[in-house]
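# Summary of structural features
Okay, here's what each chain looks like letter by letter:
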Amino acid sequence: MLLDSVLGIIPARYASTRFPGKPLVDIGGKPMIQRVYEQAARILKHVYVATDDERIFDAVLSFNGKVVMTSPDHQSGTDRCTEALSLVESEEKRSYDVVINIQGDEPFIEPEILETLTGCFMSSMTEIATLVKPLKEAEDLFDSNKPKVVINPKYEAIYFSRSPIPYLRQYPQNEWHLNHTYFLHIGLYGYRSDILREITSLKPSSLELAESLEQLRWLENGYKISVRTVNHETIGIDTPEDLERVKKSGLIS
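Residues numbered from 1 in each chain as written. Predicted model: local features only at pLDDT ≥ 70, side-chain atom pairs only at ≥ 80, totals over all residues. Heavy atoms only, no water.

### Regarding the pairing of strand 10 (residues 183–192)
The buried count for strand 10 comes to nine of 10 residues, which makes it a mostly enclosed element. The pairing of strand 6 (residues 98–101) with strand 10 spans four bridges and is classified as antiparallel. When the bridges of strand 10 are listed, Ile100 appears paired with Gly190. By the bridge criterion, seven bridges tie strand 7 (residues 128–134) to strand 10 in an arrangement that is antiparallel. Considered in strand 10, the bridge of Ala129 is made with Gly190. In the sheet, strand 8 (residues 148–151) pairs with strand 10 via two bridges, with the strands oriented antiparallel. When the bridges of strand 10 are listed, Val149 appears paired with Phe183. (Buried < 20%, exposed > 50% of the residue type's maximum accessible area, 1.4 Å probe, protein only. Helix = DSSP H or I, 4+ residues; strand = E, 2+ residues; numbered from the N terminus. Pairing = 2+ DSSP bridges.)

### A closer look at the packing of aromatic side chains
Enumeration over the complete set of coordinates arrives at six aromatic pairs. Residues Tyr37 and Phe63 carry aromatic rings whose centres are separated by 5.4 Å and whose planes lie at 65° to one another, so their mutual orientation is edge-to-face. Separated by 26 residues along the polypeptide, Tyr37 in helix 1 (residues 32–41) and Phe63 in the loop between helix 2 (54–62) and strand 5 (67–69) bring together distant segments of the chain. Of the two residues examined, Tyr37 and Phe63, each falls in the buried class. Seen from their ring centres, Tyr189 and Trp218 are 5.1 Å apart, and the 75° between their planes marks the pair as edge-to-face. With a gap of 29 residues between them, Tyr189 in strand 10 and Trp218 in helix 9 (residues 215–220) connect regions that are remote in the sequence. Considered together, Tyr189 and Trp218 belong to a single accessibility category, that of buried residues. One aromatic cluster is present, formed by Phe142, Tyr167 and Trp176 through successive ring pairs. Above the face of the Tyr14 ring, Arg55 is positioned so that its terminal group lies 3.6 Å from the ring centre. Over the ring of Tyr96 we find Arg94; its NZ or CZ atom is 3.9 Å from the centre of that ring. (Phe/Tyr/Trp six-rings, centres within 6.5 Å; stacked < 30°, edge-to-face > 60°. Lys NZ or Arg CZ within 6 Å of the ring centre and 35° of its normal.)

### Some remarks on the pattern of salt bridges
Throughout the structure, instances matching the rule amount to nine salt bridges. Across the salt bridge formed by Glu38 and Lys30, the nearest N and O atoms sit 2.8 Å from each other. Judged by relative accessible area, Lys30 falls into the partly exposed class, the value being 29%. Salt-bridge contacts for Arg197 lead to Glu89; the nearest nitrogen and oxygen are separated by 2.9 Å. Taken as a pair, Arg197 in helix 7 (residues 193–199) and Glu89 in helix 3 (residues 77–92) lie far apart in primary sequence, 108 residues in all. (Salt bridge = Lys/Arg side-chain N within 4 Å of Asp/Glu carboxyl O.)

See below:
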């Protein structure tokens, strides 16, 4: 697989319940969306922002980034990526084999993480790919905002859950993470372009609605999600408080 056939898309909405205007917040003199874009462009040859807001659109153009305007009605970043793929292919009059969905709220994402995810598609059998990291802290196991992943020996996802899985019946809960290798999901995805178009046409599934995790729709419909393990820490900015912590952390020069 050649990098020329891979399209990186950064979905970016202005409206956010917890942090309105998040993509445009200043981080060390640059809007967050620019930092995400520049990190992605270090490893991916083709990167676009997919937005539904003129302010974000104009901001991307201001730093000479590539951007497409998408519908404000999408329910997920995956849906927005599907429209963006069609818009980019139409604009460039070419096709892409793989789409990498990059979270727009991780301005310090390591290019090596994207390289690992993209590498999953060296296998022609890969339909969808994502990343996990080993869980280290007991409190993360019981944090419903940090989905856990169970994988099989082929490094394919069996299930994603906000609950701690598996349940270690023979140990007290504060020792579970010491007696089993748990994995936390890193919310990055790659898809074959044809598979991306297929999964966005699926109706929400019962497991997806139960856990509020869209990837369960794909599993429930028989798609395979390849998984790779990374040890890089990811730093997402979901709230103004997260931004303040980053500013105090020394990450911004």
